Amino acid sequence: MVQDYKGQKPSRNIDDNIELIDGLFSDSQDFIGREFKPGGEGAPRIYMAYFDAMTNREAMDLSVIRRLFDMDWSELPPEEKWESIYETFRDRGIATTDISESDDMFDILYFIHAGDTPIFIDGCDKCVVVATRGFPNRGVQSTELEVVVQGSREAFSEVMRFNTALIRRRIRDNNLIVKQSKLGIRSLTDIALVYMKDIARPEVVAEVERRLEAIEVDGILDSGSVEQFIEESWTSPFPQVQLTERPDKAASSILEGRIAIIIDNSPFVIIVPVTMNSFFQASEDYYSRWQVMSITRFLRFIGAFMAIALPGLYMAIALFHPSMIPLLMVSRLAEASQAVPFPAVLEFILLDAAFELLREAGIRLKSASGGTIGIVGGLIIGQAAVEAGLVSPIVVIIVALTGICSFAIPSVSLVYGFRLVKYFVLAFSAVLGFFGFTIAMLAVLVHLAGLRSFGFPYLMPFAASEMNKYEDLKDSLFRFPLFSLKKRPFFANQKQAERM
């Protein structure tokens, strides 16, 4: 394991280094370790190691190999002074600026795994590491989940360094800090904290670093794993960190005093801290006129409430309080329900389960056919179920409305939480009617009020809004004009509260 070699220095005898590295990777057929003497007989031996398809072959040939053989090796110092050859090679023998030195075998082995190329020279107890990373990647693609009508189409990729560059392209400030480390004992996944040094709260930065350092696991393969390790309440169905694939959204959050966590191999960036209000904000909200986007955001909140409450509300009225329904409608509902052999609750559960299966099938299928399968399948199954007398038409309408309302929420993570809470409210309403519905909704509200994200109340700015003199309410249910949003949210260091 690479961790076992932390603190071990390379040997001055190049044979020891070759034996160690070749022994570690002898069973890997994609490993290449090359030894050669570009200076002929009497010259020091040179050894380089890398993985095939992880390095840029063209950069290796032009920047390293050709330069080595073009160097003048005619006047060689005595063997005991080959350290000077190392310095000459480091300073003049590599035609690239992106090099570093290392005298720790742990770092050297990590660089090999990461796609870089360490170069050893006989007689030296350190090596030159040339940045030759050239592994396959998708590059910068367009967004798939957080789609907007107006705004940037760029999305994060799986390469961490591309993602940091996309943020730096938007924030050209020397106070933008990119602090890199590694996670995973065996995967050694690169991870970067990105924040504004003068805007982010130091105590929040320290807390994020503490939680990341506490993660001890074999491998970190995606940002979703980190999300589960650093959240406060693992029992809550609601997300306590925010995931985004949009560089403009990450940059905007960083300017608000929040911290972006970029994980290599993942196209989703984690943003902390977070409040529930943050999940209803889309990038497009700030690119279009405030009147239109205020109404749109308000509709999202209504949709979120209906996604949780509509099934339970229907069950409470239909089973316990039918007198609330107009008489003409009651007769039609009763007539439609007579042919249905199942109770109303089981009706809803069966149809909703079919709807959820169709939604999952649409996600797993190719994008060209996934949407069609979901819509056509829903129409066909709903219509067939009504004609077969398995469900009543009103249940089909309730299930369809609940699904549509959940699609209006910009955050997929929050939608998953609402999908679970929906059944909790439904169960209480089916047993206790309006009393159960009220108890369930109050329980959800109390749970949300108790949640925190890195010390910040989850329901800000609807709760504890006085902490920022009610400024955050200007960007909550409605979005005020941009010129009125003069202060940053409460996430930011209060010494840098003014942004306009």
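Residues numbered from 1 in each chain as written. Predicted model: local features only at pLDDT ≥ 70, side-chain atom pairs only at ≥ 80, totals over all residues. Heavy atoms only, no water.

Enquirer: Looking at this model, I keep getting lost on the overall build of the protein chain. Mind explaining?
Expert: Across its full length, the protein chain carries 14 helices and 12 strands. For the protein chain, buried positions account for 47% of its 500 residues. At a minimum sequence separation of 6, the contacts of the protein chain that also span at least 24 residues come to 65%. On the protein chain, roughly 24800 Å² of surface is accessible, and the fraction owed to carbon and sulfur atoms is 59%. (Helix = DSSP H or I, 4+ residues; strand = E, 2+ residues; numbered from the N terminus. Buried < 20%, exposed > 50% of the residue type's maximum accessible area, 1.4 Å probe, protein only. Contact = heavy atoms within 4.5 Å. Areas by Shrake-Rupley, 256 points an atom, 1.4 Å probe, with all protein chains shown as cover.)

Enquirer: Where do I start with the pattern of salt bridges in this structure?
Expert: Any two side chains of opposite charge can pair, given that their charged atoms come close. Under the criterion given, the structure shown has 23 salt bridges. Measuring nitrogen to oxygen at the nearest pair gives 3.0 Å for the salt bridge that ties Arg246 to Asp248. Overall, the relative accessible area of 1% leaves Arg246 in the buried class. Salt-bridge contacts for Lys422 lead to Asp352; the nearest nitrogen and oxygen are separated by 3.1 Å. A residue pair is termed long-range when its members are at least 10 positions apart, and Lys422 in helix H14 (residues 412-450) and Asp352 in helix H11 (residues 344-364) qualify at 70 residues. Relative accessible area serves as the criterion here: at 3%, Lys422 is assigned to the buried category. Connected through salt bridges with shared partners, the residues Glu207, Arg210, Arg211 and Glu232 form a single ionic network. (Salt bridge = Lys/Arg side-chain N within 4 Å of Asp/Glu carboxyl O.)

Enquirer: What exactly am I supposed to notice about the side chain of Gln242 here?
Expert: Tracing the chain through its elements places Gln242 in strand E8 (residues 242-244). On the basis of relative accessible area, Gln242 is assigned to the buried category, the value being 3%. At 2.7 Å, the side chain of Gln242 forms a polar contact with the side chain of Arg258. Those residues within four positions of Gln242 in sequence are excluded, and the remaining contacts are Lys249, Arg258, Val269, Ile270, Ile271, Val274, Ser278 and Phe279. (Polar contact = N/O pair within 3.5 Å; in protein donor to acceptor, adjacent residues only side chain to side chain.)

Enquirer: Could you clarify how one ought to interpret the side chain of Ser223 in this entry?
Expert: In this structure, Ser223 sits in helix H7 (residues 223-230). For Ser223, a relative accessible area of 1% translates into the label buried. Setting aside residues up to four positions removed in sequence, Ser223 forms contacts with Leu243, Ile263, Ser266, Phe268 and Ile270.

Enquirer: Can you help me understand the packing of aromatic side chains in this one?
Expert: In this structure the tally under the stated criterion is 13 aromatic pairs. With a centroid separation of 5.3 Å and an interplanar angle of 80 degrees, the aromatic rings of Phe25 and Phe51 are classed as edge-to-face. On the criterion of sequence distance, the pair formed by Phe25 in the loop between helix H1 (14-24) and strand E1 (31-36) and Phe51 in strand E2 (residues 46-51) is long-range, its members being 26 residues apart. By the burial criterion, Phe25 is buried, and Phe51 matches it. Aromatic side chains Tyr47 and Phe120 sit 6.2 Å apart centroid to centroid with 40 degrees between the ring planes, which places their arrangement in the tilted category. Taken together, the positions of Tyr47 in strand E2 and Phe120 in strand E4 (residues 117-121) put the pair 73 residues apart, joining distant regions of the chain. By relative accessible area, Tyr47 is classed as buried at 1%. What links up through ring pairs into an aromatic cluster is the set Phe25, Phe31 and Phe51. The ring of Phe106 carries Lys6 above its face, with NZ or CZ at 4.6 Å from the centroid. Geometry around Phe491 places Arg258 over its ring, the cationic atom sitting 5.1 Å from the centre. (Phe/Tyr/Trp six-rings, centres within 6.5 Å; stacked < 30°, edge-to-face > 60°. Lys NZ or Arg CZ within 6 Å of the ring centre and 35° of its normal.)

Enquirer: Just to check I follow, could you spell out the sheet that holds strand E10 (residues 269-272) for this structure?
Expert: Each strand in a sheet pairs with another by means of backbone hydrogen bonds, the pair being arranged parallel or else antiparallel. If you trace the five strands from one edge of the open sheet to the other, you get E6-E7-E9-E10-E8, paired in antiparallel fashion. With one partner strand each, in any of the chains shown, strand E6 (176-183) and E8 form the two edges of the open sheet. Each neighbouring strand pair of the sheet contributes to a mean axis angle of 25 degrees, computed without reference to strand direction. Sheet analysis places E8 next to E10, joined by three bridges and oriented antiparallel. The residue bridging Gln242 from the neighbouring strand is Ile271, located in E10. Sitting on the sheet, helix H5 (residues 160-168) touches E6, strand E7 (189-196) and strand E9 (259-263), and the angle it makes with E6 is about 165 degrees. (Pairing = 2+ DSSP bridges. Axes fitted to C-alpha atoms, helices over the stretch in contact; angles between N-to-C directions.)

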